[in-house]
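# Observations on the three-dimensional arrangement
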Amino acid sequence: METKFKKGQNVKQEFGGPIMTVIGFEPELIENIITQWEDEEGTIITGKFMDSVLVKA
């Protein structure tokens, strides 16, 4: 698997949104970048994104 991101790197969606941290990868899926961030209420949220929609934060 080749990706432009590394585990622990901060990223965000290309068109805005929260700053997220890359926590892992699932190379067999299209949405292969696993991220985590904390919302304004302190809840930890995990999401999966295609690397093409993420940029370095």
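Before reading further, recall that the structure is shown in the block above.
Quick look at the overall build of the protein now. When its secondary structure is counted, the protein shows 0 helices and 5 strands. Listing every helix and strand of the protein by position from the N terminus yields β-β-β-β-β. Against the 2.2 N^0.38 benchmark of 10 Å for 57 residues, the protein shows a C-alpha radius of gyration of 11 Å, consistent with a compact globule. Taken along its principal axes, the extent of the C-alpha atoms in the protein is 35 × 20 × 15 Å. Looking at the protein residue by residue over its 57 residues, the buried ones come to 25%. If you take every contact in the protein between residues at least 6 apart in sequence, the share linking residues at least 24 apart comes to 31%.

In the sheet, strand S2 (residues 16-25) pairs with strand S3 (residues 33-38) via 4 bridges, with the strands oriented antiparallel. When the bridges of S3 are listed, Val22 appears paired with Thr35. In this structure, S3 lies alongside strand S4 (residues 44-49), joined through 6 bridges in antiparallel fashion. Counted as the bridge partner of Thr35 is Gly47 from S4.

What follows covers the pattern of salt bridges. The full count for this structure, using the stated rule, is 1 salt bridge. Here Lys48 and Glu26 are joined by a salt bridge, their closest N and O atoms 2.8 Å apart. A residue pair is termed long-range when its members are at least 10 positions apart, and Lys48 in strand S4 and Glu26 in the loop between S2 and S3 qualify at 22 residues. For Lys48, a relative accessible area of 38% gives the class partly exposed.

Analysis parameters
Residues numbered from 1 in each chain as written. Predicted model: local features only at pLDDT ≥ 70, side-chain atom pairs only at ≥ 80, totals over all residues. Heavy atoms only, no water. Helix = DSSP H or I, 4+ residues; strand = E, 2+ residues; numbered from the N terminus. Rg over C-alpha atoms; globule rule 2.2 N^0.38 Å. Buried < 20%, exposed > 50% of the residue type's maximum accessible area, 1.4 Å probe, protein only. Contact = heavy atoms within 4.5 Å. Pairing = 2+ DSSP bridges. Salt bridge = Lys/Arg side-chain N within 4 Å of Asp/Glu carboxyl O.

No statement about biological role is implied by the geometric values presented.
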